[in-house]
Amino acid sequence: MIDERDKIILDILVKDARTPFTEIAKVLGISETAVRKRVKALEEKGIIEGYTVRLNPKKLGYSLVTITGVDTRPEKIFDVAEKLKEFDFVRELYLSSGDHMIMAVIWARDGEDLADIISNKIGRIDGVTKVCPAIILERLK
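This section reports on the structure supplied with the text. (Residues numbered from 1 in each chain as written. Predicted model: local features only at pLDDT ≥ 70, side-chain atom pairs only at ≥ 80, totals over all residues. Heavy atoms only, no water.)

## A closer look at the overall build of the chain
Secondary structure assignment for the chain yields five helices and four strands. Along its sequence from the N terminus, the chain presents helices and strands in the succession α-α-α-β-α-β-β-α-β. Its C-alpha atoms give the chain a radius of gyration of 20 Å, more than 25% over the compact-globule value 14 Å for 141 residues. Long-range contacts, defined here as pairs at least 24 residues apart, represent 61% of the contacts in the chain between residues at least 6 apart. As displayed, the chain has an accessible area near 9,800 Å², and 52% of this comes from carbon and sulfur atoms. Positive and negative charge centroids in the chain, built from 24 and 24 side chains respectively, lie 5 Å apart. (Helix = DSSP H or I, 4+ residues; strand = E, 2+ residues; numbered from the N terminus. Rg over C-alpha atoms; globule rule 2.2 N^0.38 Å. Contact = heavy atoms within 4.5 Å. Areas by Shrake-Rupley, 256 points an atom, 1.4 Å probe, with all protein chains shown as cover. Lys, Arg positive; Asp, Glu negative; His and termini not counted. Charge placed at Lys NZ, Arg CZ, Asp CG, Glu CD.)

So this is what it looks like as structure tokens:
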């Protein structure tokens, strides 16, 4: 279990993973060493799985970001997921119990690139039965 101080540490690191431990220590009124030990324990428990950088796709030349549902023949779901993991344009990938079996976050340079990705790359994977992209208009959170 985690206590209130751990929750505050997690909240701070989720907002900015580069927050110095000295700054977190000041917020909590504890030493930097105590913060370091708590973070290490959270990592060891698997609560903190890693640290990442959030990129701005538009600044990198990707004008379209989609959340794309991919349906497959049931026996092919894991094969299709493995194939999707190989593509650089697939930025995140999830198995889902919702409207689609697989959900992928896809970055495309423009509409032509997205059409090529859907038709010639994802659509041609053995076992894929349907590809449903939803273009993200604006990230709110």
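## Topic: the packing of aromatic side chains
Under the definition given, this model contains two aromatic pairs. Aromatic pair Y62 and W107: ring centres 5.4 Å apart, planes at 50 degrees, arrangement tilted. Pair noted here: Y62 is in the loop between α3 (32–44) and β1 (64–72) and W107 is in strand β3 (residues 102–108), with a separation of 45 residues, a long-range link. On the basis of relative accessible area, W107 is assigned to the buried category, the value being 9%. Ring centres 4.7 Å apart and planes at 20 degrees place the aromatic pair F87 and F89 in the stacked group. Across the pair, exposure class does not vary: F87 and F89 are buried alike. The ring centre of W107 lies 4.0 Å from the NZ or CZ of R91, which sits over that ring. The ring of Y62 has R109 lying over it, and the distance from NZ or CZ to the ring centre is 4.2 Å. (Phe/Tyr/Trp six-rings, centres within 6.5 Å; stacked < 30°, edge-to-face > 60°. Buried < 20%, exposed > 50% of the residue type's maximum accessible area, 1.4 Å probe, protein only. Lys NZ or Arg CZ within 6 Å of the ring centre and 35° of its normal.)

## Structural notes on the nonpolar core
Core analysis: the largest hydrophobic core is formed by 20 residues, its most contacted members being L84 and I122. Mapped onto this core, the elements with two or more residues apiece are β1, α4 (77–85), β3, α5 (111–122) and β4 (128–135). Ignoring sequence-local partners within four residues, the contact set of L84 consists of V70, V90, L93, I102, I122 and I125. Judged by nonpolar contacts, the second largest core, of 13 residues, contains I9, I30, V35 and I48. (Core = buried A, V, L, I, M, F, W, Y, C linked by side-chain atoms within 4.5 Å.)

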